[in-house]
Amino acid sequence: MIHRYGPHIFHTAHEHVWNYIQTFGRFRPYVNRVKAISNGRVYTLPVNLLTINQFFGKTMGPLEARRFIAERADRTITQPANFEEQALSMIGRDLYQAFFRGYTRKQWGLDPRQLPASILKRLPVRFNYDDNYFSHPYQGIPEDGYTALIENILDIPKLTVQLNVRFEELNADRDFDHIFYTGPIDRYFGFAHGRLGYRTLDFERFDDEGDHQGTAVINYCDEDVPYTRISEHKHFAPWEADSFKKTVCFREYSRLSAPGDTPYYPIRLATETRMLKDYVALARQTTGVSFLGRLGTYRYLDMDVTIAEALVACNRIDELLAEDAPLPAFFVDLD
Ligand code: UDP
């Protein structure tokens, strides 16, 4: 099984989302355990007690490590204003430079001082040996892959799916009472206020015999390695991995998304945030269309949050239709 658009591990803390998604396909338990190479050595991520002990050559227990890191953390930063400050105030300069600075510069093409602290808040720091990348209780990978899962979601008699048609080629305004648009919001409006910035990914495939790296994901944190990570996809499906002699891996490169590329990550710096405000205002003045999802609302959303928000939107739509009330441009607060 190959994840064509990059590795996706489904993880959530929302029990109702976990129950909902499983009605469309069986999930196999999968725990994401990421390794990281920094300065010629292999570590475990997210930063946990093993990472800390290996990095500093120590054998500390949880309490000792907590004190040790607190001494290294920058206590003068009480309200981190950006990614770098967030990292320095949490883990100090050594760990920040080893695991976050180079990777983040490659991933975002920006200095971490220009990036919001919220990006780092995605990752935990643990003072125990728990190396589960996600802190969520429900985690898995669809047994038959995401394509089969999405096919099952779309398998509703009243639903028509048209593929290989650009939205602009449809006469959507004329042919439909209402549009739920999940593409990039700037594109819907013909880039009237300019292009919102996205990062895109290039995946460089290579094949090998047997087991190439011994695990699904290895991050490359050094800035002189041009890619951010290598994923070996058969390890995402350990239930079938044994049956393959060959193996497929992808090196992942991040760059600014150009017209025609697949937009992956909304950048959300000051310029984009201002531009987004203009698009949000424009959307609110436009009737007959609602914007949803990562691209429709220009936010760094995981799959489970996207689904949770869609379910909320569906309930709201039911209520509004029952009242014969107009549907809003957004179902989430974007202010
Ligand atoms: N990050 C990092 N080093 C790593 C892994 C992540 O600096 O080894 C930073 C990087 O800025 C990244 C962010 O943490 O964009 C969030 O990481 P996550 O693994 O959640 O990113 P995703 O899987 O969504 O690309």
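Refer to the preceding data block for the structure.
Residues numbered from 1 in each chain as written. Predicted model: local features only at pLDDT ≥ 70, side-chain atom pairs only at ≥ 80, totals over all residues. Heavy atoms only, no water.

### Overview of the overall build of the chain
Okay, step 1: Counting its secondary structure elements, the chain contains 11 helices and 12 strands.
Okay, step 2: Expected size for 335 residues packed as a compact globule is a radius of gyration near 20 Å; at 22 Å, the chain falls within 12% of this value.
Okay, step 3: Taken along the three principal axes of its C-alpha coordinates, the chain extends 65 × 55 × 35 Å.
Okay, step 4: Excluding contacts between residues fewer than 6 apart, the proportion of contacts in the chain whose partners are at least 24 apart in sequence is 69%.
Okay, step 5: Surface accessibility of the chain: about 18300 Å² in total, with carbon and sulfur atoms responsible for 50%.
Okay, step 6: Across the chain, the 39 positively charged side chains and the 45 negatively charged ones have centroids separated by 6 Å. (Helix = DSSP H or I, 4+ residues; strand = E, 2+ residues; numbered from the N terminus. Rg over C-alpha atoms; globule rule 2.2 N^0.38 Å. Contact = heavy atoms within 4.5 Å. Areas by Shrake-Rupley, 256 points an atom, 1.4 Å probe, with all protein chains shown as cover. Lys, Arg positive; Asp, Glu negative; His and termini not counted. Charge placed at Lys NZ, Arg CZ, Asp CG, Glu CD.)

### Observations regarding the state of the cysteines
Put plainly, two cysteines are in a disulfide when a covalent bond ties their sulfur atoms together.
Okay, step 1: Scanning the entire structure with this criterion turns up zero disulfides.
Okay, step 2: Of the cysteine sulfurs around Cys221, a residue in no disulfide, the closest is that of Cys249, at 18 Å.
Okay, step 3: Accessibility expressed as a relative area gives 0% for Cys249, which makes it buried. (Disulfide = S-S within 2.5 Å. Buried < 20%, exposed > 50% of the residue type's maximum accessible area, 1.4 Å probe, protein only.)

### Brief notes about the site of the ligand
Okay, step 1: Around the ligand sit 17 residues, and of these Thr104, Tyr133, Asn219, Tyr265 and Tyr300 come closest.
Okay, step 2: Within the side chain of Thr104, an N or O atom sits 2.8 Å from an oxygen atom of the ligand.
Okay, step 3: One of the side-chain N or O atoms of Arg229 is found 3.2 Å from an oxygen atom in the ligand.
Okay, step 4: Starting from 530 Å² of accessible surface for the ligand in isolation, the protein chains cover 93%.
Okay, step 5: When residues in the shell around the ligand are grouped by element, the largest group, seven residues, is from helix α4 (residues 83–108).
Okay, step 6: Here the residues of the shell around the ligand are counted per class, giving 12 nonpolar, three polar and two charged. (Near = heavy atom within 4 Å. Polar contact = N/O pair within 3.5 Å; in protein donor to acceptor, adjacent residues only side chain to side chain. Nonpolar A, V, L, I, M, F, W, Y, C, P; charged D, E, K, R; others polar.)

### Section: a nonpolar patch on the surface
Okay, step 1: The grouping of Ile150, Leu154, Ile156, Leu159, Val161 and Leu163 at the surface amounts to a nonpolar patch, some 530 Å² of accessible area in total.
Okay, step 2: Secondary-structure assignment places Val161 in the loop between α5 (145–154) and α6 (172–175). (Patch = residues over 30% accessible without salt bridge, like charges linked within 9 Å, V, L, I, M, F, W, Y side chains within 5 Å. Salt bridge = Lys/Arg side-chain N within 4 Å of Asp/Glu carboxyl O.)

### Here's the deal with the sheet that holds strand β1 (residues 10–12)
Okay, step 1: Strands sit in the order β1-β5-β2 across an open sheet of three strands; the sheet is antiparallel. The sheet is open, and its two edges are formed by β1 and β2 (27–29), each paired on a single side. Going across the sheet, the axis of each strand differs from the next one's by a mean of 40°, ignoring polarity.
Okay, step 2: Pairing analysis gives three bridges linking β2 to strand β5 (residues 138–142), with the strands arranged antiparallel. Bridging from a neighbouring strand, Pro29 pairs with Gly140 of β5.
Okay, step 3: Those strands touched by α5 are β1, β2 and β5, and its axis lies near 95° from that of β5. (Pairing = 2+ DSSP bridges. Axes fitted to C-alpha atoms, helices over the stretch in contact; angles between N-to-C directions.)

### Let's talk about the nonpolar core
Okay, step 1: In terms of nonpolar packing, the biggest core is built from 63 residues, with Phe99, Ile185 and Phe291 touching the most fellow members.
Okay, step 2: Considering every element that reaches this core, the biggest residue donor is α4, with 11 residues. (Core = buried A, V, L, I, M, F, W, Y, C linked by side-chain atoms within 4.5 Å.)

### Notes on the sheet that holds strand β11 (residues 265–266)
Okay, step 1: Strand order in the open sheet formed by seven strands is β4-β3-β8-β9-β10-β7-β11, with mixed pairing between adjacent strands. With one partner strand each, in any of the chains shown, β4 (41–45) and β11 form the two edges of the open sheet.
Okay, step 2: In terms of strand pairing, strand β8 (residues 217–220) meets strand β9 (residues 229–232) through three bridges, oriented antiparallel. By the bridge assignment, Asn219 is partnered in β9 with Arg229.

### Some details on the pairing of β4
Okay, step 1: The pairing of strand β3 (residues 34–38) with β4 spans five bridges and is classified as antiparallel. Bridge pairing in β4 places Ile37 opposite Val42.
Okay, step 2: Here β3 folds back onto β4 in antiparallel fashion, the turn holding two residues, of which Asn39 has a positive phi close to 50°.

### Observations regarding the side chain of Thr51
Okay, step 1: Take Thr51: it is sitting in helix α2 (residues 49–56).
Okay, step 2: On the basis of relative accessibility, which here comes to 0%, the residue Thr51 falls in the buried class.
Okay, step 3: When near neighbours in sequence (up to four residues on either side) are disregarded, Thr51 contacts Tyr43, Thr44, Pro46 and Phe99.

### Considerations on helix α11 (residues 303–322)
Okay, step 1: Taking 1.5 Å per residue, 20 residues should reach 28 Å; α11 reaches 29 Å between its end C-alpha atoms and fits that length.
Okay, step 2: Turning to α11, its buried residues number three or more, namely Asp304, Ile307, Ala308, Glu309, Ala313, Ile317 and Leu320.
Okay, step 3: For α11, the elements touching its buried residues are β1, α1 (15–21) and β6 (179–181).
Okay, step 4: Looking one or two residues beyond α11, the residue adopting positive phi is Asp324, at roughly 60°. (Expected span 1.5 Å × (residues − 1).)

### Description of the pattern of salt bridges
Okay, step 1: In the structure shown here, the tally under the stated rule is 21 salt bridges.
Okay, step 2: The partner of Arg174 in a salt bridge is Asp175, and the shortest N-O contact between them spans 2.9 Å.
Okay, step 3: With a relative accessible area of 45%, Asp175 lands in the partly exposed category.
Okay, step 4: Salt bridges linked by common partners bring Arg101, Arg105, Asp111, Arg113 and Glu223 together as one network.

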